[in-house]
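A structural walkthrough
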There are 2 protein chains.
Amino acid sequence: MTPPRSLLRYITSMSSKQPFVARWGILGCGWISSEFTKDIGRPMASRNVTDVSHAIAAVGSRSLSKAEDFISKYCPNGAAGQQDGLVDFKPKAYGSYKGVVEDPNVNIVYVGSMNIAHYEDAKLALEAGKNCLLEKPATLNAAEWKHLVSIAKKNDVFLMEAVWTRFNPVMLAIQKAIHEDNLIGEIRCMYSDLAMDAYKKRPNTNRLFAAELGGGSLLDLGPYPLVWTMMILYRHPMNQLTPPDKVGSTMLQHHTGVDLATSITLTFPKLNAVSFCTTNLLSNVQKYQNTRIVGSKGEILVHGLTSRPQKYTIRRLLNPEIEDGDYEDETIDMTFDGFGLYWEADAVARCLRDGLKECPSMPHAETTMTMEIFDKVRKEGGYEFLPGLEKVKA
Amino acid sequence: MTPPRSLLRYITSMSSKQPFVARWGILGCGWISSEFTKDIGRPMASRNVTDVSHAIAAVGSRSLSKAEDFISKYCPNGAAGQQDGLVDFKPKAYGSYKGVVEDPNVNIVYVGSMNIAHYEDAKLALEAGKNCLLEKPATLNAAEWKHLVSIAKKNDVFLMEAVWTRFNPVMLAIQKAIHEDNLIGEIRCMYSDLAMDAYKKRPNTNRLFAAELGGGSLLDLGPYPLVWTMMILYRHPMNQLTPPDKVGSTMLQHHTGVDLATSITLTFPKLNAVSFCTTNLLSNVQKYQNTRIVGSKGEILVHGLTSRPQKYTIRRLLNPEIEDGDYEDETIDMTFDGFGLYWEADAVARCLRDGLKECPSMPHAETTMTMEIFDKVRKEGGYEFLPGLEKVKA
């Protein structure tokens, strides 16, 4: 049977349609930039993505040779879009950030520099009229972030905090299971932890412990337990985007002035639910499970790092009516290659393709809320940034 | 070979020496009293105890028939000491608490009544000149407790809060492993949770949810995560009995006014350690592990309920010098019969035998500290007792 002419025309138009290419300018040649660059270099087919692709247009560092080394090490042939011949430029190295944000091949700047430089680096990109994906924590405080948002709006460019866990398929599957499929009933409470085995294993000059680098567990690891809270509780349909009623916290401080350990507990009265978030630089992560979401019909155990899980268990109560009943476990394995930053990059590319200025999955307002929570937690914990670190203060 | 005469004399004197018998008067015929009574009725030989024993001298309830039913159900033949013929009285039922505290056979009163009655019931016993073991939470607030201590001192009688988990062999083995054997190196942080699957499964008139009964998760379940903190961190030799520097908390409140969920985070700067304690009435307990203590050389995972564990895993880091190294697990099973309240009862009997007025393992000061922590947490969380519940206020 011959397909109708209209369908043939449609198939031809689809297959001939080129994917939209996000042309990245990378600011900062540290570890997270390298993971991001390696991830967007992976073949798009490996994750069945055909509508968007990625290119590395420019890489910038304070030193040209560092940028050159970065390219030869992580993207000698650019990203997936370059390997697939969708663009004809090669990654260009710059010894300054200014060069990157002014490179005409760049349509989005990825800011992967140190936390304390985020505000100024993102500002540089936005003021050059470039779209910007800004590593988490977006800024040091809410005031810096709000200022960036105002610049982005003025220049009509895209801005997003790079909370990549929001785009992780395990996160999305769990969110759907809870918000749409009601798989564990009414949400009651969740526990989420992210820790790092850094204490006495890294020097006090390390970015994690150095006050002059805005170190500590809260800003570096805290975003991850919090993103689970935001995605599962704050974004729960019944919560109707109501901010947490109480945000309580406690800090254990290091002698350098940063936090070694912090707890944040958030209550959501509309759900009658509570989230216990913990983070520290004192201990290793749990071997198996660091996030647990408990509902009236069962619970979901997220395996592995809170930042990039690849597997989860649905533990269904056989009889949800009785106390302490028996369970039935089902483990779902969504193992993927690489660091998992490409899910976020693909989402950003789609936003750019569609002309969006903020991402519906990671809107400006939710970064504002997160930064305001961090401001409050630092204030309660007695963690004050060294003078001059914050470029904008409330 | 004939043993020397001196040794024979010694053996004869040991075997002929009668164990000291704690002669209990039970106030309150609820669930915890029944578990206590059943536990002290178990044969002393089943836990290899020969130096002390127990008898049930009296049981009191507001109604005589309830006390009679309790005896016929849980201790028709008294406790172990009666079954072994160490005392010749049988348990006597009273339709009032006054009868129990005045019964001449009673040398210690066990207060297992409702939380809101603890203060008055213990006061009755102490003023009658009787020793007293008072179920946890000792009282509703620190002021009530301090008043009880002053009465106990005036009457020169023994008083102890019944934090039975302190006498649990798993707790003691872990405390030794950490404090004496340095099995997991420097303590960095601990997580401890106790939850109950009661929400929407019990009516709001249940003691857990009723404001008029001083309900909520904090007072009912909170003592258990806290006792792990006290035993492992507060009592750590390097902490030198220094109270926690920060005690931060957050509460999710129920519409009845009690807390559905509470978190308490305590910092111990001398150890550079932090404890994250959580409790709620919203969710079931974790299937496997509810308390985790992390040190520089490994961690200890406590299996089962935080209140009465029977098993634990020592997870040793193969190379404690590197970040995120591999582990080796060793699980130690200390399974015991019954509810495990007899470990505490034996310790109390030894205190009485030795003429102590407070127990070194559960001294007055540590109950004071616990009650002051609860007072602070309630204040921060907005949990106020109904007028009249507190018999003594600060």
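Residues numbered from 1 in each chain as written. Chains lettered and ligands numbered in written order. Predicted model: local features only at pLDDT ≥ 70, side-chain atom pairs only at ≥ 80, totals over all residues. Heavy atoms only, no water.

An unreviewed UniProt entry lists chain A under the name D-xylose 1-dehydrogenase (NADP(+), D-xylono-1,5-lactone-forming), from Cryptococcus deneoformans. The annotation that UniProt attaches to chain A under Catalytic activity (unreviewed entry) is "D-xylose + NADP(+) = D-xylono-1,5-lactone + NADPH + H(+)". For chain A, the Sequence similarities (unreviewed entry) comment in UniProt is given as "Belongs to the Gfo/Idh/MocA family." (UniProt positions renumbered as here; feature names shortened; annotations may be inferred.)

**Describing the sheet that holds strand 2 (residues 52-60) of chain A**
The strands making up a sheet are joined through hydrogen bonds of the backbone, oriented either antiparallel or parallel. Residues and elements named next belong to chain A. Read across the open sheet, the six strands follow the order 3-2-1-4-5-6; overall the sheet is parallel. Across the chains shown, the open sheet's two edge strands, defined by having one partner strand only, are strand 3 (92-94) and strand 6 (159-162). Taken pair by pair, the neighbouring strands of this sheet meet at an average axis angle of 25°, ignoring direction. As paired strands, strand 2 and strand 3 are joined by three bridges and run parallel to one another. In the sheet register, Ala58 faces strand 3, and the bridge partner there is Lys92. Sheet strands touched by helix 2 (residues 31-41): strand 1 (20-27), strand 2, strand 4 (108-111) and strand 5 (131-135). Its angle to strand 1, the strand with the most contacts, is close to 160°. Helix 7 (residues 142-154) rests against strand 5 and strand 6 of the sheet, and its axis sits at about 145° to strand 6. (Pairing = 2+ DSSP bridges. Helix = DSSP H or I, 4+ residues; strand = E, 2+ residues; numbered from the N terminus. Axes fitted to C-alpha atoms, helices over the stretch in contact; angles between N-to-C directions. Contact = heavy atoms within 4.5 Å.)

**Some points on the packing of helix 7 (residues 142-155) of chain B against helix 12 (residues 364-381) of chain B**
Packed helices, taken two at a time, are described by the angle their axes make and the gap between the axes. Residues and elements named next belong to chain B. For the pair helix 7 and helix 12, the least separation of the axes is 8 Å and the interaxial angle reads 160°. Judged by the inter-axis angle, helix 7 sits roughly antiparallel to helix 12. Seen along the crossing, helix 7 lies across helix 12 with a hand that is left-handed. On the side of helix 7, the interface is formed by Ala142, Trp145, Lys146, Val149 and Lys153, while helix 12 contributes His364, Thr367, Thr368, Met371, Glu372 and Asp375. Its residues placed into classes, the contact of helix 7 with helix 12 shows four nonpolar, three polar and four charged. (Parallel < 35°, antiparallel > 145°, perpendicular 65-115°, else oblique. Left-handed = near helix turned anticlockwise from the far one by under 90°. Nonpolar A, V, L, I, M, F, W, Y, C, P; charged D, E, K, R; others polar.)

**Here we look at the interface of chain A and chain B**
In this assembly, 53 residues from chain A lie in contact with 53 residues from chain B. In this assembly, chain A packs against chain B so that about 4,200 Å² is buried in total across both faces, 46% of it on carbon and sulfur atoms. Viewed at the interface, chain B and chain A are joined by four salt bridges. Notably, a salt bridge pairs Glu323 of chain A with Arg202 of chain B, separated by 2.7 Å at the nearest N-O pair. Applying the counting criterion to the chain A and chain B interface returns 26 residue pairs in polar contact (both at pLDDT 80 or more). Residue assignment for the side of chain A that touches chain B shows that the elements contributing at least two residues are strand 7 (187-195), strand 8 (246-253), strand 9 (259-268), strand 10 (273-280), strand 11 (289-295), strand 13 (311-317) and strand 14 (327-333) of chain A. Element by element, the count of residues in the side of chain A that touches chain B is highest for strand 8 of chain A, at seven residues. (Buried area = accessible area lost by both parts, 1.4 Å probe. Salt bridge = Lys/Arg side-chain N within 4 Å of Asp/Glu carboxyl O. Polar contact = N/O pair within 3.5 Å; in protein donor to acceptor, adjacent residues only side chain to side chain.)

**Side note on the UniProt feature "domain: Gfo/Idh/MocA-like oxidoreductase N-terminal" (unreviewed entry) in chain A**
Under the present numbering, the feature "domain: Gfo/Idh/MocA-like oxidoreductase N-terminal" (unreviewed entry) in UniProt falls on residues 23-160 of chain A. In the segment residues 23-160 of chain A, helix accounts for 40% and strand for 20%; the C-alpha atoms at its two ends are 16 Å apart.

**Quick look at the side chain of Asp197 of chain B**
Relative to the assigned elements, Asp197 of chain B resides in the loop between strand 7 (187-195) and helix 9 (217-221). Overall, the relative accessible area of 4% leaves Asp197 of chain B in the buried class. Among the polar contacts made by the side chain of Asp197 of chain B, one reaches the main-chain amide nitrogen of Asp324 of chain A at a distance of 3.0 Å. Excluding its chain neighbours within four sequence positions, the residues that come into contact with Asp197 of chain B are Ile322, Glu323 and Asp324 of chain A together with Leu281, Ser283 and Asn284 of chain B. (Buried < 20%, exposed > 50% of the residue type's maximum accessible area, 1.4 Å probe, protein only.)

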